[in-house]
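Listed below, chain by chain, are the residues.
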Amino acid sequence: MAFDTTTATAWITAAEAVVKANEARLTGLDAAIGDGDHGANMARGLTAALANIAEKEPATPGDVLVAAGRGIVAKTGGASGPLYGTAFRRAGKALGDTTDADAAQVGEALEAALTAIKELGGAAEGDKTMVDALTPAVAAFQAVAGDGGTVAAAAQAGADAAEAGLAATVPLQARKGRASYLGPRSVGHEDPGAASLALILRALAEVTA
Amino acid sequence: MTVGIVLVSHSPAVASSVAELAAELAGPSVAIRAAGGTDDGRFGTSIELISAAVRSADSGDGVCVLMDMGSSVLTSKTLLEDLEDEDDAPVVRLADAPFAEGAVAAAVLASTGQDLDAVVTSAEHAWSMRKL
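Given the structure is predicted, the values throughout are model-derived calculations rather than measurements.

What counts, and where the lines are drawn
- Residues numbered from 1 in each chain as written.
- Chains lettered and ligands numbered in written order.
- Predicted model: local features only at pLDDT ≥ 70, side-chain atom pairs only at ≥ 80, totals over all residues.
- Heavy atoms only, no water.
- Phe/Tyr/Trp six-rings, centres within 6.5 Å; stacked < 30°, edge-to-face > 60°.
- Buried < 20%, exposed > 50% of the residue type's maximum accessible area, 1.4 Å probe, protein only.
- Helix = DSSP H or I, 4+ residues; strand = E, 2+ residues; numbered from the N terminus.
- Expected span 1.5 Å × (residues − 1).
- Contact = heavy atoms within 4.5 Å.
- UniProt positions renumbered as here; feature names shortened; annotations may be inferred.
- Salt bridge = Lys/Arg side-chain N within 4 Å of Asp/Glu carboxyl O.
- Pairing = 2+ DSSP bridges.
- Axes fitted to C-alpha atoms, helices over the stretch in contact; angles between N-to-C directions.
- Left-handed = near helix turned anticlockwise from the far one by under 90°.
- Nonpolar A, V, L, I, M, F, W, Y, C, P; charged D, E, K, R; others polar.
- Patch = residues over 30% accessible without salt bridge, like charges linked within 9 Å, V, L, I, M, F, W, Y side chains within 5 Å.
- Areas by Shrake-Rupley, 256 points an atom, 1.4 Å probe, with all protein chains shown as cover.
- Lys, Arg positive; Asp, Glu negative; His and termini not counted.
- Charge placed at Lys NZ, Arg CZ, Asp CG, Glu CD.

(A) How the structure looks around the packing of aromatic side chains. Residues and elements named next belong to chain A. Inspection of every chain in the model, using the stated rule, returns two aromatic pairs over all chains. Seen in terms of ring centroids, phenylalanine 3 and tryptophan 11 are 6.1 Å apart; in terms of plane orientation they differ by 70 degrees. Their pairing is edge-to-face. Take phenylalanine 3 and tryptophan 11: they sit in the same class, and that class is buried. Among the aromatic residues, those joined into a ring-pair cluster are Phe3, Trp11 and Phe88.

Right under this line is the structure:
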């Protein structure tokens, strides 16, 4: 199974559902080291993403992701808005006008998203941000795609790697965002942005399985 | 015509109060607009509010945007990227400056008719104006 318009839309739909189901958990993580609104912000942004997809009726998977990104940027309200919004838009643009992306193309789109997030937020690996989940996820996804694996197999590997990356944020000291003001007090908690990123990549694995 | 100023804060009250302070010191010739909070009045930032403020502040000489922190910076950077895709978009520069002090410095210089580069530089020089 490749990544087409239906699959892309199903991904955003599943992402919205899983983020809403985990809204309290994400907000709890953010209450520990952030400003306690990550769950609500992500739920609002992904709902806006779905509304924008329904309104634009995109014809390609790339256009689905661009429409999702625009909805997220417009309505999220916190730092996750421009970061996720720009990531989805860049991923969508990287897919170009293909109607049926293969695993290598989806891997390139995810890499474009990672690059966009790093450029916009200035975070590197080890800063205790979503980059710590997305970086290993993109590498794992591309490794499977490079071996000729399906989108489903690559997405499975990507989601597993994102969850491992999330777990690895626990001992880190935050160097970005509100958590960075806490210094050593930020150690010992999962990063909320890495947590939402892992949920969204697990949603991709589930809709492509 | 003068350079316009836009103040982006997570807080609607902070953005509007700093705008009021800067306007008081700069006088009526400078268009100073506040873009604080989300589009429904919560704490946060809104690309739509920032975009509307930029367009309202622009008289053709460009707009200097000052941000408080975090998503104010990221959302303003995202707006700059969007404007690059538009024809006839306002010329916008983000000032890397302390919020209140930078706003006053930018607004006062804008009131003298200086160009966008000079206004942004003035805001950024506010970092080095010691208080003690």
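Alright, that's what it looks like, and here's the rest.
(B) Spotlight on helix α4 (residues 99–111) of chain B. Residues and elements named next belong to chain B. Spanning 13 residues, α4 covers 18 Å between terminal C-alpha atoms, matching the ideal 18 Å at 1.5 Å per step. Those residues of α4 that sit buried are Phe99, Gly102, Ala103, Val104, Ala105, Ala106, Ala107 and Ala110. Where α4 is buried, its residues touch β1 (4–9), α1 (12–26), β2 (32–36), β3 (63–67) and α5 (116–125). Where α4 ends, the next residue or the one after it, glycine 113, has phi of about 85 degrees, a positive value.

(C) Up close: the UniProt feature "domain: DhaL" (unreviewed entry) in chain A. Under the local residue numbering, the UniProt record ascribes the feature "domain: DhaL" (unreviewed entry) to residues 6–206 of chain A. Annotated as 74% helix and 1% strand, the span residues 6–206 of chain A places its first and last C-alpha atoms 14 Å apart.

(D) Representation of the pattern of salt bridges within the structure. Per the stated rule, a full pass over the model turns up 13 salt bridges over all chains. Of the charged contacts in the structure, one is a salt bridge between Lys75(A) and Asp39(B), with a shortest N-O distance of 2.5 Å. Linking Lys75(A) in helix α4 (residues 61–75) with Asp39(B) in the loop between β2 and α2 (47–57), this pair reaches from one chain into another. Taking the relative accessible area as the measure of exposure, Lys75(A) reaches 33% and is therefore partly exposed. A relative accessible area of 33% means that Asp39(B) is categorised as partly exposed. For Glu81(B), the salt bridge identified is with Arg90(A), shortest N-O distance 3.2 Å. One end of the pair, Glu81(B), is in helix α3 (residues 71–84); the other, Arg90(A), is in helix α5 (residues 80–95), on a second chain. Glu81(B) gets classed as partly exposed once you look at its relative accessible area, which sits at 26%. Among the residues examined, Arg90(A) registers a relative accessible area of 23% and is labelled partly exposed. Linked through salt bridges whose partners overlap, the residues forming this network are Arg90(A), Glu119(A) and Glu81(B).

(E) Up close: the pairing of β3(B). Residue and element names in this part refer to chain B. Of all five residues in β3, five are buried, a share of seventy percent or more. With burial as the criterion, each face of β3 is covered, one bearing Val63, Val65 and Met67 and the other bearing Cys64 and Leu66. In terms of strand pairing, β1 meets β3 through five bridges, oriented parallel. Note that in β3 the partner of leucine 7 across the bridge is leucine 66. Relative to strand β4 (residues 92–95), β3 runs parallel, the two being bridged by four bridges. Paired with valine 63 across the two strands is valine 92, which belongs to β4.

(F) Quick peek at the sheet that holds β2(B). Residues and elements named next belong to chain B. The four strands are arranged β2-β1-β3-β4 in an open sheet whose pairing can be described as parallel. A single partner strand is all that each edge strand has here, and the edge strands are β2 and β4. Strand-to-strand twist across the sheet, computed as the mean angle between neighbouring axes with direction ignored, equals 25 degrees. Note: β1 against β2, five bridges, orientation parallel.

(G) A look at the packing of α5(A) against helix α6 (residues 103–121) of chain A. Residues and elements named next belong to chain A. Running from N to C, α5 and α6 cross one another at 145 degrees; their axes reach a closest spacing of 7 Å. The handedness of the crossing between α5 and α6 comes out as right-handed. Residue-level inspection shows Pro82, Leu83, Thr86, Ala87, Arg90, Ala91, Ala94 and Leu95 of α5 in contact with α6, the latter providing Gln105, Val106, Glu108, Ala109, Ala112, Ala113, Ala116, Ile117, Glu119, Leu120 and Gly121. A breakdown of the residues in the contact of α5 with α6 according to their chemical character gives 13 nonpolar, three polar and three charged.

(H) Representation of a negative patch on the surface within the structure. Taken together, the side chains of Asp100(A), Asp102(A), Glu108(A) and Glu111(A) present a region of like negative charge at the surface. Looking at where Glu108(A) falls in the secondary structure, it is placed in helix α6.

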